[in-house]
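Chain residues, written in single-letter form:
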Amino acid sequence: MKRFSVGRLLITAYVVAFIVYMIAPLMVMGGAAINDSRFPSIYPWMGLTLRWFVELFHDGQMWLAVIRSLLVALAVVAISVPVGTAAALVINSAQARFRAVLYGIMVAPILTPGAVIGIATILFWNRLHVSAGLHLSVLGQASFISAYAMLLVLARMQSLDPALEEAALDLGASHGQVMRRIIIPHLKPAFAAAAVIAFFQSVENFNVTLFTAGNTQTLTVYVFSQVRAGITPKINALALLMIAMSLMGAAAYGNGRRRAAQRLRAEQETATEDEVVGARSVAPMAGQQLA
Amino acid sequence: MLISRYGRGLTGLIVAMTAFWLVLLVIVPNLILLNFSFRPYLPISQMGGSNDVYTLANYATFFHSFIHIEIFGLTVLYSSVVTFICLVLSYPLAFFLAKVTPPRNAATWFLVLLLPLWVSEVMRSFAWSIILANHGPLNAALQGLGLIHEPIRWRTGFNGIIVGLVYTNVLFMVFPLYNAMQSLDSNQIEAAQDLGASLWRIHWRIVAPHAKPGIGSGCIMVFMLSAGSILVPSILGSASSRWFTEIIQQWMFESLDWNTGAAYAFLLLILCITFVSMMTRILNVKLVDVAR
């Protein structure tokens, strides 16, 4: 591509414009959070204020919703990571013909609209006389978040040499030992990634939660009700806090990655290749994160 | 196979957990949904009674309602428009990340691009409702630049929904495209250049065909997320634009008619299944490639 420097310039300009487009709404949110106007906007600018943060801080309902979201997310992580792992183990040793069918069923929840998952969940549990509430949100969310966990664990599993398991068994290790000493340690990074993704997917989730939670509000549902009902800019204050936290999270993640890469380089000379692979794996994971 | 590998006890546990997920959380609820959609909406006292028979009445409600059919059609149409816009916007970006900039820089670009994804979809739609307001920053900026004299009403018809859906879903097109393009050997592009192929021809004959699986999965992802979206249409929609999910919501929460709601939800599911199989057939991609 080096020869087409004009083309390169154009495409770089396009990418920069795209990034501005992606970031601009966040800037508007941030600006509105500190604008001393009764309406959530950055224009007209009425001066700097922190009162929306004070109002947000005193919003007891919001804090309750935050706690509920966290509890639901932890429960979803606790269900979907083990379930996803089990499913990955099953599919990994399934026969080819069976495998395709199983894979199709497991991936289907990702491609099902949240409203459909939510309604199916509530109709099913209602039959068993379980009424709507956060417990159903957990089950509904777990039904598709387990699929992400399964995909992540399965991807990691492919780099595990089955000969290791066989060798351990031949040398007299029990199945439990193979699991504890070989499989689980190897899968650990995938567990971490799956847990993080499951957590954020759950906190983010709106569609499934809306249909399953009954009258209880999680954070997203609460924010939605506020946005629909009102004109108060305290939601912008919340947004600004979330943006700030995600910036810090991104910075920490970047640092962690760099340090991990350095460690790798110190450990082995082939580190460069791993790093490239690492950079590549950011994308699909992020893609899955919010699907 | 499983037993020889993990032993009886562990296999039992593994199979039980997988079965719990697939049977209790996925398969049976969907069958119940289907079953529900063919039953009439009855007061509790009559449930299981002589009136509780299989019927097509819930689906007939849809096919007899011109408005609902129209809304369904418009949802499909505008979800397709959103998908197309996302594809056009993402293609150059994905190409830049995969083939123009070195991988090291690409990682940094990705971190920046990912930022909006960390802020929830409600917030992002809300941000656009601020930006697109009649006296909002966009109109103010355009007026300040002297480009327009009167504020433009951005949020008429489906405009607001399109803007919101493109913004919230465009990254789900970028990532699969990027993944697909990355595996293309750059030498092929250079060879084509050496042989005098134009930029357009290079993309039409080499890059785009290679990126086909990515285009397929990106389109499926964006279309599904758009058609199934509830937040964006309810925050950014106007009086004249209604989304199919909003009708489902009405049946479930306002009419409390879960049976008709189930039928409508099932129609949405059928739409998505149709779209997925259409895309996989047209672009010749496999489901395995889609959910990667």
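Procedures and definitions
- Residues numbered from 1 in each chain as written.
- Chains lettered and ligands numbered in written order.
- Predicted model: local features only at pLDDT ≥ 70, side-chain atom pairs only at ≥ 80, totals over all residues.
- Heavy atoms only, no water.
- Helix = DSSP H or I, 4+ residues; strand = E, 2+ residues; numbered from the N terminus.
- Rg over C-alpha atoms; globule rule 2.2 N^0.38 Å.
- Areas by Shrake-Rupley, 256 points an atom, 1.4 Å probe, with all protein chains shown as cover.
- Lys, Arg positive; Asp, Glu negative; His and termini not counted.
- Charge placed at Lys NZ, Arg CZ, Asp CG, Glu CD.
- Buried < 20%, exposed > 50% of the residue type's maximum accessible area, 1.4 Å probe, protein only.
- Contact = heavy atoms within 4.5 Å.
- Expected span 1.5 Å × (residues − 1).
- Polar contact = N/O pair within 3.5 Å; in protein donor to acceptor, adjacent residues only side chain to side chain.
- 1 Å grid on protein atoms, 1.4 Å probe; cavity = no way out; pocket = protein on both sides within 12 Å on 5 of 7 lines; lining within 4 Å.
- Points joined across faces, edges and corners; volume = space filled by probe spheres on them.
- Nonpolar A, V, L, I, M, F, W, Y, C, P; charged D, E, K, R; others polar.
- Buried area = accessible area lost by both parts, 1.4 Å probe.
- Salt bridge = Lys/Arg side-chain N within 4 Å of Asp/Glu carboxyl O.
- Patch = residues over 30% accessible without salt bridge, like charges linked within 9 Å, V, L, I, M, F, W, Y side chains within 5 Å.

Some details on the overall build of chain B
And step 1. Counting secondary structure elements, chain B contains 15 helices and zero strands.
And step 2. Radius of gyration (C-alpha) of chain B: 24 Å, far over the 19 Å computed for a compact globule of 292 residues.
And step 3. Projected onto the principal axes, the alpha-carbon positions of chain B cover approximately 75 × 70 × 30 Å.
And step 4. A total accessible area of about 12900 Å² is found for chain B, and carbon and sulfur atoms account for 66% of it.
And step 5. Looking at charge distribution, chain B has the averaged site of its 15 positive side-chain charges lying 11 Å from that of its 11 negative ones.

Focus on the overall build of chain A
And step 1. A tally of regular secondary structure across chain A gives 12 helices and zero strands.
And step 2. Secondary structure elements in chain A, listed N-terminal to C-terminal, are α-α-α-α-α-α-α-α-α-α-α-α.
And step 3. Each of the three principal axes of chain A carries a C-alpha extent, and together these read 75 × 65 × 30 Å.
And step 4. Counting the 291 residues in chain A, one finds 51% classified as buried.
And step 5. Considering only contacts in chain A between residues 6 or more positions apart, those separated by 24 or more positions represent 68%.
And step 6. Accessible area of chain A: about 13800 Å², with a carbon and sulfur share of 66%.
And step 7. Computed over 21 positive and 13 negative side-chain charges, the separation of the two mean positions in chain A equals 7 Å.

Observations concerning helix α3 (residues 60-92) of chain A
And step 1. Compared with an ideal rise of 1.5 Å per residue, which puts 33 residues at 48 Å, α3(A) spans 47 Å between its outermost C-alpha atoms and is within 8% of the ideal.
And step 2. The N-cap of α3(A), judged by a side-chain oxygen 3.3 Å from the amide nitrogen of Gln61(A) a few residues on, is Asp59(A).

So, the layout of surface pockets
And step 1. Estimates place the volume of the second largest pocket at around 1100 Å³.
And step 2. Around the second largest pocket sit 37 residues that line it, and Ile122(A), Leu123(A), Met252(B), Leu256(B) and Trp258(B) are the ones nearest its centre.
And step 3. For the lining of the second largest pocket, the secondary-structure elements that each account for two or more residues are α5 (114-127), α9 (207-212) and α10 (219-229) of chain A together with α13 (244-254) and α14 (258-282) of chain B.
And step 4. If you tally residues by element for the lining of the second largest pocket, the top one is α13(B), at six residues.
And step 5. Looking at the lining of the second largest pocket residue by residue, the classes come out as 18 nonpolar, 12 polar and seven charged.

Thoughts on the interface of chain B and chain A
For an interface, size is often stated in terms of accessible area lost upon the parts coming together.
And step 1. Residue-level contacts link 99 residues of chain B with 103 residues of chain A.
And step 2. Of the roughly 9200 Å² buried where chain B meets chain A, counting both sides, 78% is carbon and sulfur surface.
And step 3. When the buried area of chain B at its contact with chain A is split by residue, Arg5(B), Trp21(B) and Trp118(B) rank highest and sum to 8% of it.
And step 4. Summed over the shared surface of chain B and chain A, the result is one salt bridge.
And step 5. A salt bridge links Arg5(B) to Glu165(A); the nearest nitrogen and oxygen atoms lie 2.9 Å apart.

Notes on the environment of Ile152(B)
Residue and element names in this part refer to chain B.
And step 1. Within the secondary structure, Ile152 sits in the loop between α6 (137-144) and α7 (159-169).
And step 2. Ile152 sits in the partly exposed class, given a relative accessible area of 30%.
And step 3. Distance in space between the C-alpha atoms of Ile152 and Asn139 is 6.6 Å, their sequence separation being 13 residues.
And step 4. Residues within four places of Ile152 in sequence aside, it is in contact with Asn134 and Asn139.

Some words on a positive patch on the surface
And step 1. On the surface, Arg257(A), Arg258(A), Arg259(A) and Arg263(A) cluster together to form a positively charged patch.
And step 2. Among the structural elements, Arg258(A) can be located in helix α11 (residues 234-267).

Concerning α6(B)
All names here are of chain B.
And step 1. Of the residues making up α6, those classed as buried are Pro137, Asn139, Ala140 and Leu142.
And step 2. Summarising the contacts, the buried residues of α6 are in contact with α5 (121-131).
And step 3. Two residues or fewer past α6, Gly146 is found with a positive phi of approximately 80 degrees.

So far we have only geometry, and geometry alone does not tell us how the molecule works.
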